[in-house]
Amino acid sequence: MIKGSTAIYGIFGNPVSHSKSPLMHNAAFRYFGLDACYVAFDVLPERLDQATQAIRALNMRGVNITVPHKERIMPLLDYLSPEAEAIGAVNTVKNSQGLLYGYNTDAWGFIQSLSERGIYVKGKRILVLGAGGAARAVVYALAKEGAVLFIYNRTAQKAESLALEYGSMGSIISAVSQKDLEDLVSLGGIDMVINTTSLGLKAEDPLPCDIGSLNPNTIVCDLIYKRTPLLQAASEAGCTTTLDGSGMLLWQGVYAFQIWTGLTPPVELMREALR
Ligand SMILES: NC(=O)c1ccc[n+]([C@@H]2O[C@H](COP(=O)([O-])OP(=O)(O)OC[C@H]3O[C@@H](n4cnc5c(N)ncnc54)[C@H](OP(=O)(O)O)[C@@H]3O)[C@@H](O)[C@H]2O)c1
């Protein structure tokens, strides 16, 4: 029931109508009987400044930020968490008496989605495909956990910059060429492959890398929320552990809900709402 007192939360993206975040957060508000509601706002890039001002002007309590605004919103906020600053992207904003605090819950959400499946990355040799915004959060999180990372990207220079930037966190990170990629996969020296590219969103997309010769113990993970051709091919190649991006989506939302409300989120209910 929306009333005069209802607190408004939301998500800014473009496009955004496909977002499942309203389902997950409204289910959690209902669970606690909170007088709050979560709405998706389709915000054009050139309107992001105005939309961010509107968080203050309309006293919205919090928003999630998705493509293409995660980086551009940063200078419009009052404070950034250390993670958001290090990753260079914000996906959660909290309005605290007119001051806007920016957080990044993607990195924690990603690690949580692995650990709930019993996957721990310390010392693991991990191949990250892609070097865009999602890869930044993933590489940051994995580097912090002490994984050994190999990054491959179509635009090689972006992989090299990412390796250089996060290499200083104490993890071993290298950018790899197309040739190195083939060797890494076929020689069986990889414990986990993570697709952070957008390849796989469309059924006709090529695989982000050839995985025909992967060791069956290799964990294959895709940040896309559905069973992608990569995950399908991994299963067919005998890989027993595959994960899509729905766990990361859930856990980044769980952490955002906790930041906004201070309550312990009803994780299983939120998972069910996403399903
Ligand atoms: N599960 C979750 O919670 C979650 C969270 C965030 C994102 N995601 C998913 O992660 C994916 C990437 O998002 P993003 O924000 O990182 O996007 P982005 O910043 O635009 O980066 C896209 C990445 O995909 C690569 N790429 C795109 N088209 C390609 C092609 N035809 N061939 C080879 N590489 C290609 C890009 O390579 P170049 O650098 O060469 O262009 C870049 O590395 C999306 O599918 C998104 O849905 C999931």
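Refer to the structure printed above.
Here the structure is a predicted model, which means the values were calculated and not measured.

**Q** Sorry, what's going on with the sheet that holds strand S10 (residues 192-195) here?
**A** Adjacent strands of a sheet form backbone hydrogen bonds with each other and so pair up, either parallel or antiparallel. Pairing within the open sheet is parallel, and its six strands lie in the order S9-S8-S7-S10-S11-S12. Strands with a single pairing partner mark the edges of an open sheet, and in this sheet they are strand S9 (173-175) and strand S12 (242-243). Of the strand pairs in this sheet, strand S7 (residues 125-129) and strand S8 (residues 148-152) are connected by five bridges, and their pairing is parallel. Bridge pairing in S8 links Leu129 to Tyr152. Where helix H5 (residues 133-144) meets the sheet, it contacts S7, S8, S9 and S10, and its direction lies at approximately 160° from that of S8.

**Q** Could you clarify how one ought to interpret the pattern of salt bridges in this entry?
**A** Two side chains with opposite charge may pair up if their charged atoms get near one another. Applying the stated criterion to the full structure yields eight salt bridges. With a shortest N-O distance of 3.4 Å, Arg72 and Asp49 are connected by a salt bridge. Taken as a pair, Arg72 in the loop between strand S3 (62-65) and strand S4 (79-80) and Asp49 in helix H2 (residues 48-57) lie far apart in primary sequence, 23 residues in all. A relative accessible area of 41% means that Arg72 is categorised as partly exposed. Note that Asp78 is salt-bridged to Arg56, the shortest N-O span being 3.1 Å. Of this pair, Asp78 sits in the loop between S3 and S4 while Arg56 sits in helix H2, and the two are 22 residues apart along the sequence. Classification of Asp78 as partly exposed rests on a relative accessible area of 34%. Taken together, the shared-partner salt bridges connect Glu116, Glu268 and Arg271 into one network.

**Q** Would you mind showing me how to read the sheet that holds S4 here?
**A** Judged by pairing direction, the sheet is mixed, and its six strands sit side by side in the order S2-S1-S3-S5-S6-S4 without closing on themselves. With partners counted over all chains shown, the strands left at the sheet margins are strand S2 (36-42) and S4, one partner each. The pairing of strand S1 (residues 7-13) with S2 spans seven bridges and is parallel. Paired with Ile8 across the strands is Cys37, a residue of S2. Taken strand by strand, H2 contacts S1, S3, strand S5 (92-96) and strand S6 (99-103), and its axis lies near 165° from that of S1.

**Q** Help me understand the environment of Tyr120, please; the structure alone is not making it clear to me.
**A** Structurally, Tyr120 is set in the loop between helix H4 (106-115) and S7. Under the relative-accessibility criterion, Tyr120 is labelled exposed at 55%. Sequence-wise, Tyr120 and Leu142 are 22 residues apart; in three dimensions their C-alpha atoms are separated by 9.8 Å.

**Q** Would you take a moment to explain the environment of Phe257 for this structure?
**A** Mapped onto the fold, Phe257 is located in helix H9 (residues 246-261). Taking the relative accessible area as the measure of exposure, Phe257 reaches 0% and is therefore buried. Through-space distance from the C-alpha of Phe257 to that of Asn104 is 13 Å; in sequence the pair is 153 residues apart. If we ignore the near neighbours within four places in the chain, the residues touching Phe257 are His25, Ala28, Phe29, Phe32, Leu34, Gly262, Leu263, Pro265 and Met270.

Definitions and limits used
Residues numbered from 1 in each chain as written. Predicted model: local features only at pLDDT ≥ 70, side-chain atom pairs only at ≥ 80, totals over all residues. Heavy atoms only, no water. Pairing = 2+ DSSP bridges. Helix = DSSP H or I, 4+ residues; strand = E, 2+ residues; numbered from the N terminus. Contact = heavy atoms within 4.5 Å. Axes fitted to C-alpha atoms, helices over the stretch in contact; angles between N-to-C directions. Salt bridge = Lys/Arg side-chain N within 4 Å of Asp/Glu carboxyl O. Buried < 20%, exposed > 50% of the residue type's maximum accessible area, 1.4 Å probe, protein only.

Keep in mind these numbers describe shape, not what the thing actually does.
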